[in-house]
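If you want the building blocks of each chain, they are given just below.
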Amino acid sequence: MGKKIKIVTISGARPQFIKASTISPILKRNGFNEIFVHTGQHYDYEMSEIFFKGLNLPKPKYNLGIGSHLHGKQTALMLQGIEEILIEEKPRLVIVYGDTNTTLSGALAAAKLHIPIAHIESGLRSFDRKMPEEINRVVTDHLSTLLFAPTKVALQNLKKEGIKKGVYLVGDVMYDLFIRTKNLFNRRKEKVLKAFGLKEKEFCFATVHRAENTGNQVRWKNIIEGLCSLSKRGIPIVWPAHPRTKDLLSNSKVKNLQIVAPIPYVETQILIGSSKMVITDSGGLQKEASFHRTPCLILRDRTEWTELINLGCAFLVDDSKEKLIEKALQNDFPKKVSIGKYYGNGRSSEKIVNILSEYLS
Ligand code: UD1
């Protein structure tokens, strides 16, 4: 057998570990030599290592240990570290996922070294350049060689920006993981609900971590008040808190909310699927809610997953307490919507690896 084709995967934040867990095993099965680079953007046990243990990810050959900094410094440190690795490893291709600072740094480092870039979860747009993720998406897409769009909307967004070459509509890799693991959800449901003291469909699952909410006192206060008043109306709220919110939460009045540490993938899916409603500012979670046919309230004024709004699966409540309460009390997921039609058939990761193989052969 000839020498294995070398691919470097750049990953560093929780959602990227989840996405990479769908592609890495298929790369291995297809005989690629995948070098896994962890930038260290996320470093807490519950934000990083737990996913490597639970999701069968390869052990990173490199961990840059960059950690948390202002955006410029974090991106610059990653860029420097990734560049050195790419010069040393000389891969045929670099894979980046999603829209974090890790994504941007990986794409920039590879582009400057003329290494082809595959961007998984390409073409999403919120059209709000104040969101750091939007800048990361736009720049990464314009630097990428192979662009894997999860939805038709994403494909159209790329076309509108003049990006037509190397673009593939493949479906959503997070939907793949959902399909692959969903058998576990029912088996472990009872145990998980018991551990959190929750009853099926009688609680809301909430998460808040985006900079536009955590960095704005007015929005943060409104959101906390909205969640607290829901809970006072007899709807328990369970909230796995991102470390970014630790200090904020300890200074807020949240006595009647059930704040817990970040939780692993399968437990998260069980709570999403068993909840009456998901309330979140996360991109990934709003989509995962739809996989479970759980309605979702989005704590933002816009979303990059626009089809969820158009289909009536999710609602933009922004930071309005009134809208949050009004919508949380009606909780119907549209009966006619078949989510698979929008996010693929659960085999997006195979499609992506086939396209990569063809490109690299
Ligand atoms: C990043 C992504 C965001 C994604 C999120 C998933 C960017 C610009 N944003 O946001 O798109 O939705 O990851 O979780 O890349 N912290 C810890 N421990 C950790 C990680 C973070 O304590 O393991 C705290 C630090 O106080 C840090 C803050 O969280 O300053 C923010 O972390 P950072 O990685 O900058 O952004 P996220 O909010 O995690």
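Let me sum up the structure you'll find in this document. This is a predicted model, so every value here is computed, not measured.

## Details of helix H14 (residues 321-329)
Here's step 1: Among the residues of H14, those classed as buried are Leu324, Ile325 and Ala328. In an axial view of H14, the angular spread of the buried residues amounts to 90°, which keeps them on one side of the axis.
Here's step 2: Contacts made by the buried residues of H14 are with helix H9 (217-232), strand S11 (277-280) and strand S12 (296-298).

## Some points on the packing of helix H7 (residues 173-196) against helix H16 (residues 348-360)
Here's step 1: Look at H7 against H16: their axes get within 8 Å of each other, and the N-to-C directions meet at 130°. Between H7 and H16, the angle falls in the class oblique. When H7 is examined against H16, the residues Val173, Asp176 and Arg180 are found in contact with a partner set consisting of Ser348, Ser349, Glu350 and Ile352.
Here's step 2: When its residues are assigned to classes, the contact of H7 with H16 shows two nonpolar, two polar and three charged.

## Brief notes about the site of the ligand
Here's step 1: Neighbouring the ligand are 20 residues; Gln41, His42, Glu133, His242 and Arg244 lie closest to it.
Here's step 2: Between the ligand and the protein, one listed contact pairs an oxygen atom with a backbone N or O atom of Asp44 at 2.9 Å.
Here's step 3: One of the side-chain N or O atoms of Arg244 is found 2.7 Å from an oxygen atom in the ligand.
Here's step 4: Elements with a minimum of two residues in the shell around the ligand: helix H1 (14-29), helix H3 (71-89) and helix H5 (132-143).
Here's step 5: Across the shell around the ligand, the residue classes break down as five nonpolar, nine polar and six charged.

## Here we look at the pairing of strand S4 (residues 93-97)
Here's step 1: The buried count for S4 comes to five of five residues, which makes it a mostly enclosed element.
Here's step 2: Here S4 shows two buried faces, one formed by Leu93, Ile95 and Tyr97 and the other by Val94 and Val96.
Here's step 3: Where strand S1 (residues 6-11) and S4 come together, four bridges link them in parallel fashion. Residue pairing for S4: Thr9 is matched across the bridge by Ile95.
Here's step 4: Crossover connection from S4 via helix H4 (residues 101-112) to parallel strand S5 (residues 117-120): handedness right-handed.

Analysis parameters
- In this numbering scheme, every chain counts its residues from 1 along its sequence in written order.
- Reporting of local features is limited, given that this is a predicted model, to residues whose pLDDT is at least 70; pairs of side-chain atoms are given and counted only at 80 or more, and all residues count toward the totals for whole chains, interfaces and linings.
- Values reported for side chains reflect all heavy atoms of the structure, with hydrogen atoms and water molecules removed beforehand.
- The buried label applies to any residue whose accessible area, calculated with a 1.4 Å probe on protein chains only, is under 20% of its type's maximum; exposed applies above 50%, and partly exposed to all values in between.
- Helix and strand definitions here come from DSSP, where helices need a minimum of 4 consecutive H or I residues and strands a minimum of 2 consecutive E residues; each element is numbered from the N-terminal end.
- Regarding the arc, it is the one traced by the directions from the helix axis to the C-beta atoms.
- Two residues form a contact once any of their heavy atoms are found within 4.5 Å.
- In this analysis, axes come from line fits to C-alpha atoms, helices being fitted only over the stretch in contact, and the angle between any two N-to-C directions falls in the range 0 to 180 degrees.
- Roughly parallel means an angle under 35 degrees; roughly antiparallel means over 145; roughly perpendicular covers 65 to 115; every other angle is labelled oblique.
- Classification used: nonpolar for Ala, Val, Leu, Ile, Met, Phe, Trp, Tyr, Cys and Pro, charged for Asp, Glu, Lys and Arg, polar for all others including Gly.
- Each residue is tested against the molecule or strand, and it is near if at least one of its non-hydrogen atoms lies within 4 Å.
- Any pair of N or O atoms that falls within 3.5 Å is considered a polar contact. Within protein, one atom must be able to donate a hydrogen and the other to accept it, and sequence-neighbouring residues count only if both atoms are side-chain atoms.
- Strands qualify as paired when DSSP identifies two bridges or more between them.
- By convention, orient the strands away from the viewer: a clockwise path from the first strand over the helix to the second makes the crossover right-handed.

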